[in-house]
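Working through the structure, step by step
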Amino acid sequence: MLPTIEWKDDAVVMIDQRKLPGREIYVSCATAGEVARAIKTMVIRGAPAIGVAAAMGIALGMRRSKATGTKQFATEFQRTCDLLAATRPTAVNLFWAVERMKHAFAAAAHDGCSVDEIKQRLETEARGIHDADVESCRAIGAFGASLVPRDSRILTHCNAGALATAGYGTALGVIRAAAEQGKQITVLADETRPFLQGARLTAWELVKDGIDTTVITDNMTASMMRLGHVDLVVVGADRIAANGDVANKIGTYGVAVLAREHGIPFYVAAPMSTIDLSTPDGSHIPIEERPIREVTHVGTSRLTPEGARIRNPAFDVTPAKFVTAIVTERGIARPPFQESLERLAAGSPQPAASASLPLPAAR
Ligand code: MRU
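This section reports on the structure supplied with the text. Worth saying up front: this structure is predicted, and the values here are computed from it rather than measured.

Glancing now at the packing of helix H4 (residues 92-110) against helix H5 (residues 115-145). Orientation of H4 relative to H5, taken along the N-to-C sense of each, is 145 degrees, at an axis distance of 9 Å. Note that H4 runs across H5; the crossing there is right-handed. In contact with Trp96, Ala97, Arg100, Met101, Ala104, Phe105, Ala107 and Ala108 of H4, H5 contributes Ile118, Arg121, Leu122, Glu125, Ala126 and Ile129. Looking at the contact of H4 with H5 residue by residue, the class counts come to eleven nonpolar, no polar and three charged.

Take unusual backbone geometry next. Here the residue pair Leu20 and Pro21 is connected by a cis peptide bond, since its omega of 5 degrees sits within 30 degrees of zero. Residue placement: Pro21 occurs in the loop between strand S2 (11-15) and strand S3 (26-29). Cis geometry marks the peptide bond from Arg193 to Pro194; its omega dihedral reads 0 degrees. Along the chain, Pro194 turns up in the loop between strand S5 (184-190) and helix H7 (197-208). Of note, Met42 is a non-glycine position whose phi angle comes to about 75 degrees, a positive value. Summarising the element assignment, Met42 is placed in the loop between helix H1 (32-40) and helix H2 (47-63). Met42 sits in the buried class, given a relative accessible area of 1%. One non-glycine residue, Cys158, adopts positive backbone phi at about 65 degrees. Relative to the elements of secondary structure, Cys158 occurs in the loop between strand S4 (151-156) and helix H6 (171-180). With relative accessibility at 6%, the residue Cys158 sits in the buried group.

Here we take up the packing of aromatic side chains. Taken as a whole and judged by the stated rule, the model has three aromatic pairs. With a centroid separation of 5.9 Å and 20 degrees between ring planes, the pair formed by Phe73 and Phe105 is classed as stacked. One end of the pair, Phe73, is in helix H3 (residues 70-85); the other, Phe105, is in helix H4, with 32 residues separating them in the sequence. We classify Phe73 as buried; its relative accessible area is 0%. Given a relative accessible area of 10%, Phe105 falls into the buried group. Each ring, one from Phe77 and one from Phe105, has its centre 4.3 Å from the other, and the planes form 20 degrees; the classification is stacked. Highlighted residues: Phe77 in helix H3 and Phe105 in helix H4, separated in sequence by 28 residues. Under the relative-accessibility criterion, Phe77 is labelled buried at 3%. One aromatic cluster in this structure is built from Phe73, Phe77 and Phe105.

About the thresholds
Along every chain, residues carry numbers that run from 1 in the direction the sequence is written. For a predicted model such as this one, the threshold for reporting local features is a pLDDT of at least 70, and the threshold for listing and counting side-chain atom pairs is 80 or more; totals across whole chains, interfaces and linings nevertheless cover every residue. With hydrogens and water set aside, each side-chain value is computed from the structure's full complement of heavy atoms. Lines fitted to C-alpha atoms define the axes, with helix axes restricted to the stretch in contact, and inter-axis angles between N-to-C directions lie between 0 and 180 degrees. The secondary structure listing takes helices from DSSP runs of H or I that are at least 4 residues long and strands from runs of E that are at least 2 residues long, numbered from the N terminus. If you view the pair so one helix is near and one far, a crossing is left-handed when the near helix is turned anticlockwise from the far one by less than a right angle, and right-handed when it is turned clockwise. It only takes one pair of heavy atoms within 4.5 Å for two residues to be counted as in contact. Residues are grouped as follows: nonpolar covers Ala, Val, Leu, Ile, Met, Phe, Trp, Tyr, Cys and Pro; charged covers Asp, Glu, Lys and Arg; every other residue, Gly included, is treated as polar. Throughout this description, buried means an accessible area under 20% of the type-specific maximum (1.4 Å probe, protein chains only), exposed means over 50%, and partly exposed covers the range between. Two rings from Phe, Tyr or Trp (for Trp, the six-membered ring) form a pair when their centres are within 6.5 Å of each other. A pair whose planes differ by under 30 degrees is stacked, one over 60 is edge-to-face, and the rest are tilted.

This is the structure:
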């Protein structure tokens, strides 16, 4: 599997997801500003991957700081955190990662570290966030695979794969784990207008892994379900509110409503860093409006007439009542989510499968 994002010498290097599947090009970011731009322009995307990139961007930016005293260094650090936090509003993993970096900074300052030592601590923290994300995805996969019957036709929306995380994926982690267990898995990948994460990225990842994949346009989902071609749905998430409402890629809500109508289980796979207990319900989740060019154009070709108004909300909110279960690295939460998510966040014991898995610190 290709790395989504990694350190290389003095830079943070990421595969350019705007160019896939046509070209495998890597973008090398030498400054925090370049990492911020990469997140904003979708070189790297997907909630956990955005969080990892932000942490690495902060560490990179501070590594380059010329500050000699901790006071000036602290001012630059705050500015760098603000820069990364202002890139995309919906995925809470971004803010979670920035907070982790702030805590690492505060702990280092509290310990009386020098500027160079703080730089080292920040880099260690960013690497830790990266590595823990891969571990979380593997654990999510292990839990999620238990929900997947032996022969399953799985529908997914957007890309919640290795590209959207530090590796392995959340929703695609569940699919990968089930396939690795020898289950007969076929996948229906919604194309996911307008950015085509499903058609371009999910299909690219799954085909590379040898998993049987069919791409459908978003407006085929209802018919596929009605014809009995879908056994279960699994998607990722950008933010999960305390009551279990799920913000994810625009179109997810429609898929969830259709799944309910057709009696198909609708699973959400996400790490604990996506669960935001400070947001009571989905109405409080900020929804990013992206540039209208993503809708008006495909590549350089214009689709819409000049003069038509355009909307491009990048995410929607699926009410908790449509969610069958939420799969995390700590276990599987079922309704009522207010209680089950709180229990997971508190680190309460989970079913046997979790016993051998490392538990990241509670948020
Ligand atoms: O706009 P994107 O491509 O960043 O949106 C990504 C999604 O909506 C994913 O489904 C979500 O971040 C989960 S990724 C594991």
